[in-house]
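Observations on the model geometry
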Amino acid sequence: MIEGVIQVLAGGLLALAGTFVGPFFQRKHEKWRADRDDRAILRSKAEELFDELDQFVAKSQAASLAAVAKMQDDTVEGKPVPELGRVRAIAAIYFPTALQLIDTFETENLEFIKWVGTTTEAALKDGEAGLSVLKSLPMVMAIKHQQRGSKFVSDLRKHLADNVPKMELEKS
């Protein structure tokens, strides 16, 4: 009879301990699962950002080639330099430390656009002599954008490569 009571008491104590310990392990497991899901999302967004950067480079090169070709043949259609809207959106949400690089790139572009304005005004004042400057300006703009864009993309890729592992993306 005492053996039966001891077994019931031991079973009751184990059940009571399980009631207190179970939620602790459940919360720990849920946190692990949420962290794993977060890492998977970051991995996916890093891939998406790299794809956007590849498209940025390709569009910059296409704009530069079109600008050079247009100097040879006026019928060639120019191509716009790419924008960073999608790159900025992904970085702002998932990789905010990269925003400084994007801001720097856009500030450099703004300074260059100011230079283009000044150069255009001077060329217009030069009359006939300024025509060659005006004709070559689209090529200069596209090539300078491509050069700055290539450096920007390289810096951003390096930044991501240096910082993404610190976000524990390599652990599964």
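Look up a bit, the structure's there.
It should be emphasised that the depicted structure is a prediction, and the values quoted were computed from it without experimental measurement.

To continue, consider the overall build of the chain. Tallying secondary structure elements over the chain gives four helices and zero strands in all. Overall, the chain shows an N-to-C arrangement of helices and strands of α-α-α-α. Compactness check: the chain gives a C-alpha radius of gyration of 30 Å against a globular reference of 16 Å for 172 residues, more than 25% above the reference. Summarising its shape, the C-alpha atoms of the chain cover approximately 115 × 25 × 20 Å along the three principal directions. Residue burial in the chain is summarised as follows: out of 172 residues, 25% are buried. A separation of at least 24 residues holds for 71% of the contacts in the chain among residues at least 6 apart in sequence.

Take the packing of helix α2 (residues 85-94) against helix α3 (residues 99-125) next. At a closest axis distance of 9 Å, the pairing of α2 and α3 adopts a crossing angle of 150°. The angle between the axes of α2 and α3 places the two elements in the roughly antiparallel class. Every residue of α3 that contacts α2 at Val87, Arg88, Ala91 and Ala92 is listed here: Leu99, Ile102, Asp103 and Glu106. Of the residues assigned to the contact of α2 with α3, the class counts are five nonpolar, no polar and three charged.

Cut-offs used in this document
- Residues numbered from 1 in each chain as written.
- Predicted model: local features only at pLDDT ≥ 70, side-chain atom pairs only at ≥ 80, totals over all residues.
- Heavy atoms only, no water.
- Helix = DSSP H or I, 4+ residues; strand = E, 2+ residues; numbered from the N terminus.
- Rg over C-alpha atoms; globule rule 2.2 N^0.38 Å.
- Buried < 20%, exposed > 50% of the residue type's maximum accessible area, 1.4 Å probe, protein only.
- Contact = heavy atoms within 4.5 Å.
- Axes fitted to C-alpha atoms, helices over the stretch in contact; angles between N-to-C directions.
- Parallel < 35°, antiparallel > 145°, perpendicular 65-115°, else oblique.
- Nonpolar A, V, L, I, M, F, W, Y, C, P; charged D, E, K, R; others polar.

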